[in-house]
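One-letter residues, chain by chain:
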Amino acid sequence: MGDDNLDLSLDGDAASSDDETIKGDQEHDHVAEIAEPQRQDSIASESPTENGVIANRYRQLLRDHEDASDEGSSDGLPRRAGSPVDSLLSGPDDSPSLQGSMVSSPGSSRVPSVASWPGLSSPTPSFRPFDRRFQSRITSPSALSLRPSSPAYLMGHGRQASLASPFPIESGDTDTAAPPWEVVRWTRLRKINSQAFSEAGKRNFGSPTCIAISASIVLGTTKGIILMFDYNQNLKMIIGPGTKAVESGAITAVAISADHTTIAGGHATGNIFTWDTSRVSRPFLHIPPLDSSQLQNRTSDGHLPNVAIMHLGFLGTRHTALVSADDRGMAFSHLATRGTGALGRTVKTVRILGRYPDAPPPASGKPLKPSTVLAFSPLPLGNIERATDFMGLTAMLTPYLLVIVSTTPVAQTQHKSARPKDVVPHSAMTGCLSWFPAVRLKVPDPNTGSTMSKVKLVYCWSNVLTVLDVDELPAEGKDKPPVLKFKARSRWKCEEAIVAVQWLSRSVLTVLTITQRLIVLEDRSMRMTEAFDLIHKYIYHADVFSNQLHSLVEQLDEDDTAMHGVVADAFYMSFKAYKGRMFLLGFNDLSIGALSNWADRLIALMENGDYIGAIRLATSYYTGDANKLTIGLPEDAALRHQMVLDKITEIMSASLKYAFGQRQKSKASIDDQHLRDLAETCFAACQSVGDIDFVFDSIYEWYEDGEVEGIFLEVLEPYILEKTISTVPPAAVKAMVAHYVSKGWESRLEEIICHMETATLDIDQITSLCKQHHLYDALIYVWNQALHDYITPMIDLLALLIPLVQNTGHTSAPSLPEDEIYGVHALKMFPYLSYTLTGRVYPTGEKMEDEVASQAKAELYWFLFSGKTITWPKGSAYAFLTRPAEMGEPPFPYLRVILQYDAPSFLSALNEAFEDPFLNDSQEKQLNGGTTKHLPEEQIFGLTVDRQYVVTILLEVMNSSDFAPEDTIYLDMFIARNLPMFPQYLLIPGSTLDKVLTGLCGYPGIDLAEDAQLSAEYLLSVYQPPDVAPLIPSLKKAGFYRILKRIYRNDKQYGQLLQTYFEDPEDQSEIFDCIAECLRRQDSLPKRQVQEIHEVIKSHSRELVELDPTQAAQTLGAYAPELHRFALDSLDDGSDLQYVYLKALLEPDSEFSTQQSATLDRDFVEQYVQLMCQHNASHVSDYIGVLQATNLRLEKLLPTMEDNGVVDAAVILMAREGQVRDAMSRLTKHLETLESALQGLLANSDQQADDVDIHDAAEELLRDLQRYTHVGIWLCQGQMKTTKKLNGVRRRDSPSPGDLSPDEALWLDLIDTTVQITRRLSSVVAPSGSDSVSSTASPTPMLDSNKLVALLRSLVQHTFTALMTATSTQNVGQSANRLVANSAGSITFLRILRAFLTRAAATSPNLADLRAVLTSIFSAYAYEESILQLSNRLLEQQLFVNVKQAVELRQRGWRPRGSTCEACGLRVWGPGVAGNVFEAWEEKQASENKRREAKKAALTGQAALRGKGKANPPSQTEVESYKGKGKGKITDMHVPAQSEEPGARSQEDGGETVSEPNGDVSRRRKDQPLGPLVVLACRHIYHRACLDALQAKRAVEGDREVDEFGREAEYRCPIDG
């Protein structure tokens, strides 16, 4: 930047933007946009009444459940049509209400089995017992979402609005502090204001202009006086009166030394004074500006006179080292020598930035832009010594650059950075910066781990703020200063320009914007924590930059995005920060502000009664979610927890005491919702701090004493479900059971109990409560987890079934409501068995420990499969009986009862258990190391159970005498599915497996068919029956088509396989693949098998075609073409299926074997044409036209074609067969038929219905006439071509009409027919009074006569046009004489015309009838003539344009690169050229003039083309040009050698390189006659003789081809190729 001149060397590259260093960090460092504080938005999104995701979801589910269960709806109960256990397979809220609800399902109080109930043949199709897994209604907490780690705080309640408000409201007239929970507490310094801002103070001292803050508060004034106050607001010193300082103008900058003993002041005149605070009677040091003599002959540096000092600062700890900057953009370093007194010291000043006004311009020549120093600051000292303290680092910010200079020992630039590209174009021009020194940390930095912070600089251009870290790298030598590394770490964008920035602490920044908004930022995260308005503070600001930069703004270029639109006022002198306090200099006062800390905010909230907000805010402080850096909390978590923990407990205790105290006074003041909010807030706080004991020791007691423990327990619920709290005192458990039962929330209570730690429960209490209230899920959980008893739950559940199973009758309704309720509870045994036998805790689904799981599984297997009645509990005399009213118990009584109640559900649970490895190797489990000697009986027996034993017992128990087929089908499916899965563990006899297959084939209901077939497929995958034949009928009856297909395919019974595909309704689309599979290898198949396949296809041919006629035709055509006739005959005659079938054969869409269609006989083609006439008449003619076969029977096809109006196809067919005359006769007959139809339509138009469009019908008939006329034209043209090929050119001597040839006779018939039709219809379509036409018809108003007449006349016009075209071109190809050919064609045309007129005269003596016809004929020719004339005019116009462009291009020519020949070196044009060039030019001009006069008429406008033709003798100077890459034929241009070559241009340089010929060419005499020149596209110029010599040499070498003269017809440049 030329405008910020630095006479200092910069180590490294020149100025570069910090954008490059910031890019890599922007992915990690937040780049924020200024907006309203984001914290409040996130706070408002959370609900104050919920604690986590689970609470929201759970309460919604409970509300839904209450709506169903409280009304006694039976929708939540299991349906018998599926299985009783179906109700346990869905979500947590599908369980029924257990009080007062009934099962409204068919069945009796005794439930022997689901499938054996009256009226129910099998479960519903959705019930597939072996394709599902049991699920508990109660979900494992691991599947639930985790609660938030911290609660929401600052909710929308009560008095919390003040915290959420980003702009605190403060009256400017009051002197009291703002409310303490506001972000910043501002205090006006009243004593200082009364002395410095009062009228007397301003009169005595002047108005304050700037401040400096250190151990004292220093004000500079407009009268050049400095006021120093202490923090008690006492005026300690008045500096300047009676000295030269007051004569130096207003104070514009002040600074305080590091030891607070020296104060410096910069004045508007450029003077700088320093003052020792111990003696202020005279200045300690005076640094004057340059005087006038020094300006003329400058020998030292210094500020210019009357230029204001805008920035000032001390370097390090020294009193005599300063840096300063003025508003002209110049900065200086001042160093005073040691001495006594001000006169004994000399000051050395060094310029470190800017240019003097009389300095010479830069060598680069770039114009200098106006500049100034927007911001300036030396590095202050920290509390730890660093090398940078002794380098005198000073940061300066101009409109274009950030410059950091070290002034000690010599001035040197350390870092330069250009303005970032992110600055908004044309925004307000502002700049500010602030250092933060290196300091020692009390605790290591959590980001870097260092105990010392880095030096960092924050600087702002417009709205872009950047933080720059400074690292010290040790130097190589001991005496050398360290190397500094600067890295832009963070960047933040504001919505508006930034005018001042200060470090409030090491991690907190304060930013003042141009609209006087104060923003608080956290350094690392660049998160905006606070933002509020200070417009009411009337902050002092001054316009100090616009005078210097006015030209920059006035000459603003809108296209230059780097420029700014306006120069903002300066605020840097009014906003300072010191030790966490902010100082604001206003126009009328001075204020000090401090961020309120965390303790102040909590106390303020409590004092205002917002204790819930206080707890939430304290919790956020503890967890670190709040802006901890802003409010004075440490980043270290341990320290923060230690500071906040006691405060949280104290606030909670005080809040509980206050709330319940107020409730005792008035319940209306503290309602239940308020207590719920308090409980949720306290719970969240206790969870965050990890003090769960406080919940029950203090909080619960308060709620219990207040008789609102229900609120506490409901708030506790989600914490238990999430396992956050798992231990609950017995008293609270008892209260919870009573409360939830009273509310009817038994299912919720069960879920709560199942998520508690059973070790802390009162077992007797909880079990009795669970039994009393039918909480069987919770009861099972307690028995299992607390007592490790897995038998008692089964006995409790079976005890519910015994009354039901004892009743063997089937009634339409249950006898007692309790029976059905018991049955519903008993259903829980199935998921209990499924969970436990697979090693999962019921009902939570958590995994058991291996030892516990083994014990549980062994006990259950013993209970079910020991086969005897057990006595339980052990040692008691109570035997658990399933038939207490009978004398004895059956074998396996408990297993039998369960199977009788619900066999499919039990077998489904057992199916899951079979997948568990516990059933593997049972003998090893029992005998391994003698581990069974200390085990109880049930453990020993259970360890011996394996899959083989279980299946054997099931087969024994579920025999056909005790169980119906509706039950045993599930056992068959169970065995069939598990045998393939565990073949190494199961050994089942073949006879048993045959019975299983038979049982599967005899499934009781159609809804079990798919399950049964799938099970049979599983079984047959590992078991092959010795004789499959007896099984085939059962498989067919059952409809097991997949199994039948596999059997037939394996046995190669392809006929039966295809028959099965036809019978299978689910797999019809695979029939075609099956046919292809069966017949693909028919050459290797016995004829009998092929015949069987054909017979199956014949018997199902109609079904095959109806399935997909196209695919059927393609398949049969590929593998059984002889069956086409059977397929077609099976369909209805004339049906659409026949047409589609034949179309697929004869006109396949894809490349489907054209040879197949060629092999079909003509019957198929004829039938297809007949069907096409019915279904797609418009396509017949196209098909006939491309049909190759010529042996079609016309007598069979023509009637169908005529009946369907397909005359054009009939004509084509007859013409192909040589019946041209008959074809024309049929065509003319059809034309007459169309004529009659049109006449009838128009004649009866009055009788037509209103909805009939007469015009459209008439137009359609006329278009048909036109179409068939074109067919006739095609017929005549084809006949003429055929005759021409056979007989050649016909030569006739007599043009008598009687001698017309057959093709001419055809033309005559067609013309006569069209003319007659036109004549007859003209009078009908458009009768006119002027025409003497006798017609009884009158035109209908609905007709568009003009359009219809045009269509009608086009018949004759097209016919005669076609005739003229045909007769004019028929002999051109055969005759070499075009005149003879044309005359022969004209004779043919005239002969036909004469015959037509003769016939017309004979049939219609009155030629007036033909007048309109003849007019149409000749108008056709007139129309064509006009079209040709118009086309010719267009072509001529375009041709003229193209020729003109070509001429202009030729006249442009080429300009030679030099004036000498590239070969011989002689000058060929221009000054000094040899020969009489001018005379030769005059001669050429004279010759041209004579020739132009002689051929003036012919050569008018053609002068630009005179270069074409052969070359003239080279007696004059000529220039040749060539086209195309340096190539082209020679074209001699007779123009002077001195002029530019006007020849054609080439697209690119030409050329192959050629060598220089011998020196004969270069030794030509200078008086040699002038010869032609050659200018190539590369602009090299040669004598043509020289170029020919070069080319001839190449030809001799064999490199090039030459013409007969030894020259190349195309030249290439020897230099450029």
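See the structure shown above.
As a starting point, this report considers the structure included with it. The model shown is predicted, which means the values in this text are computed figures rather than measured ones.

So, on to the packing of aromatic side chains. Applying the stated criterion across every chain yields a total of 29 aromatic pairs. Between F863 and Y894 the ring centres are 4.6 Å apart and the planes differ by 5°, which places this aromatic pair in the stacked class. Of the two residues, F863 sits in helix α22 (residues 850-865) while Y894 sits in helix α23 (residues 893-914), which places them 31 residues apart along the sequence. Y894 shares its class with F863; the two are buried. For the ring pair F941 and Y949, a centre distance of 6.1 Å and an interplane angle of 80° mean the geometry is edge-to-face. When its relative accessible area of 23% is taken as the criterion, F941 is described as partly exposed. Of the residues examined, Y949 reaches a relative accessible area of 26% and is grouped as partly exposed. Feature note: the residues F660, F683, F696, Y700, W702, Y703, F712 and Y719 constitute an aromatic cluster, connected by ring pairs.

This part is about helix α32 (residues 1054-1063). With 7 of 10 residues buried, α32 lies mostly within the body of the structure. Listed in full, the buried residues belonging to α32 are Y1054, G1055, L1057, L1058, T1060, Y1061 and F1062. Its buried side turned inward, α32 meets α31 (1041-1050), α33 (1071-1079), α34 (1087-1099) and α35 (1101-1107).

The element strand β12 (residues 331-336) is extensively covered by neighbouring structure, given that 5 of its 6 residues are classed as buried. Here strand β11 (residues 321-326) folds back onto β12 in antiparallel fashion, the turn holding 4 residues, of which G329 has a positive phi close to 85°. Summarising the sheet, β12 and strand β13 (residues 347-353) pair through 6 bridges and their orientation is antiparallel. Residue pairing in the sheet places S333 in a bridge with V350 of β13.

Here the focus is helix α44 (residues 1220-1243). Given a rise of 1.5 Å per residue, 24 residues ought to cover 34 Å, and the 34 Å separating the end C-alpha atoms of α44 matches this to within 8%. Listed as buried for α44 are V1220, A1223, M1224, L1227, T1228, H1230, L1231, L1234, E1235, L1238, L1241 and L1242.

So, on to the sheet that holds β11. The strand order across the open sheet built from 4 strands is β10-β11-β12-β13, with neighbouring strands paired in antiparallel fashion. Looking at the sheet topology across the chains shown, the edges are occupied by β10 (309-314) and β13. Taken pair by pair, the neighbouring strands of this sheet meet at an average axis angle of 20°, ignoring direction. Relative to β12, β11 runs antiparallel, the two being bridged by 5 bridges. Within β12, the residue paired with S324 across the bridge is F332.

Take unusual backbone geometry next. Going from T408 to P409, the amide bond is cis rather than trans, its omega being 0°. Here the residue pair Y842 and P843 is connected by a cis peptide bond, since its omega of 5° sits within 30 degrees of zero. One can find P843 in the loop between α21 (829-837) and α22. The backbone of H774 shows a phi angle near 60°, a positive value even though the residue is not glycine. Counting through the fold element by element, H774 comes out in the loop between α17 (763-772) and α18 (776-787).

We now examine the state of the cysteines. Scanning the model with the defined rule gives 0 disulfides in all. Free cysteine C460: the closest other cysteine sulfur is in C432, separated by 3.8 Å. With no disulfide partner, C494 has as its closest neighbouring cysteine sulfur the one in C460, 8.9 Å distant.

Two elements in contact, α33 and helix α36 (residues 1109-1119), have axes separated by 10 Å at closest approach and are oriented at 0°. In this view, α33 runs roughly parallel relative to α36, as classed from their interaxial angle. Contacts between α33 and α36 pair F1072, I1075, A1076 and L1079 from the former with Q1111, A1112, T1115 and Y1119 from the latter. Partitioning the contact of α33 with α36 into residue classes produces 6 nonpolar, 2 polar and no charged.

Before going further, it helps to examine a negative patch on the surface. Taken together, the side chains of D693, D697, E701, E704 and D705 present a region of like negative charge at the surface. By the secondary structure assignment, E701 is in helix α13 (residues 693-705). Accessibility expressed as a relative area gives 42% for E701, which makes it partly exposed.

As a further point, take the environment of F660. Structurally, F660 can be placed in helix α11 (residues 637-665). The spacing of F660 and Y703 is 43 residues in sequence and 8.3 Å in space, taken between C-alpha atoms. Apart from the residues within four sequence positions on either side, F660 is in contact with L675, W702, Y703, G706 and V708.

This next bit is on the sheet that holds strand β30 (residues 590-595). Two modes of strand pairing occur in sheets, parallel and antiparallel, and in both the strands are linked by backbone hydrogen bonds. One open sheet accounts for 4 strands, arranged β1-β30-β29-β28; its pairing is antiparallel. With one partner strand each, in any of the chains shown, β1 (184-188) and β28 (575-578) form the two edges of the open sheet. Shown here is a sheet whose adjacent strand axes are inclined to one another by a mean of 25°, direction ignored. Here strand β29 (residues 581-585) pairs with β30 via 5 bridges, running antiparallel. Looking at β30, one finds that M582 is bridged to G593.

The next thing to look at is the nonpolar core. Formed by 271 residues in total, the largest nonpolar core has its most connected members in Y703, F712, L716, F863, F906, L954 and M1201. The element contributing the most residues to this core is α23, with 13 residues. Formed by 45 residues, the second largest nonpolar core is a distinct cluster that contains F197, L374, Y540 and V567.

Turning next to the side chain of Q233. When you line up the elements, Q233 lands in the loop between β4 (226-229) and β5 (235-239). Its relative accessible area of 17% is what places Q233 among the buried residues. Setting aside chain neighbours within four positions, we find Q233 in contact with L189, R190, K191, I192 and Q195.

Rules and cut-offs
Each chain carries its own residue numbering, running from 1 in the written order of its sequence. Local features are withheld for residues below a pLDDT of 70 in this predicted model, meaning they are given only at 70 or higher, and side-chain atom pairs are given and counted only at 80 or more; totals for whole chains, interfaces and linings count all residues. Think of the side-chain values as coming from all heavy atoms in the structure, minus any hydrogens and water. Any Phe, Tyr or Trp ring, taking Trp's six-membered ring, that has another such ring centre within 6.5 Å forms a pair; planes under 30 degrees apart are called stacked, those over 60 apart edge-to-face, and the others tilted. Numbered from the N terminus, helices here are DSSP runs of H or I no shorter than four residues, and strands are runs of E no shorter than two. Burial classes: relative accessible area under 20% of the type maximum marks a residue as buried, over 50% as exposed, and values in between as partly exposed (1.4 Å probe, protein chains only). Contact criterion: two residues are considered in contact whenever any of their non-hydrogen atoms come within 4.5 Å of each other. At least two DSSP bridges between two strands are needed for those strands to be called paired. In this analysis, the expected span of each helix is defined as 1.5 Å times one less than the number of residues it contains. Here an angle of 0 to 180 degrees is reported between the N-to-C directions of two axes, which are lines fitted to C-alpha atoms, with helices fitted over the stretch in contact. Criterion for a disulfide: a pair of cysteine sulfur atoms within 2.5 Å. The cut-offs work like this: below 35 degrees is roughly parallel, past 145 is roughly antiparallel, 65 to 115 is roughly perpendicular, and the gaps in between are oblique. Only Asp, Glu, Lys and Arg are considered charged, only Ala, Val, Leu, Ile, Met, Phe, Trp, Tyr, Cys and Pro nonpolar, and every remaining residue, Gly among them, polar. Residues enter patches when their relative accessible area tops 30% and they take part in no salt bridge; the joining distance is 9 Å for like charges and 5 Å for the nonpolar side chains Val, Leu, Ile, Met, Phe, Trp and Tyr. Only the protein chains shown count as cover for residues, and all accessible areas are computed by the Shrake-Rupley method using a 1.4 Å probe. Between Lys or Arg on one side and Asp or Glu on the other, a salt bridge is scored when a side-chain nitrogen of the former is within 4 Å of a carboxyl oxygen of the latter. Within this scheme the basic residues Lys and Arg register as positive and the acidic residues Asp and Glu register as negative, but His and the chain ends are omitted. Charge positions come from single atoms, namely NZ of Lys, CZ of Arg, CG of Asp or CD of Glu. We define a nonpolar core as any set of buried Ala, Val, Leu, Ile, Met, Phe, Trp, Tyr and Cys residues linked to one another through side-chain atoms lying within 4.5 Å.

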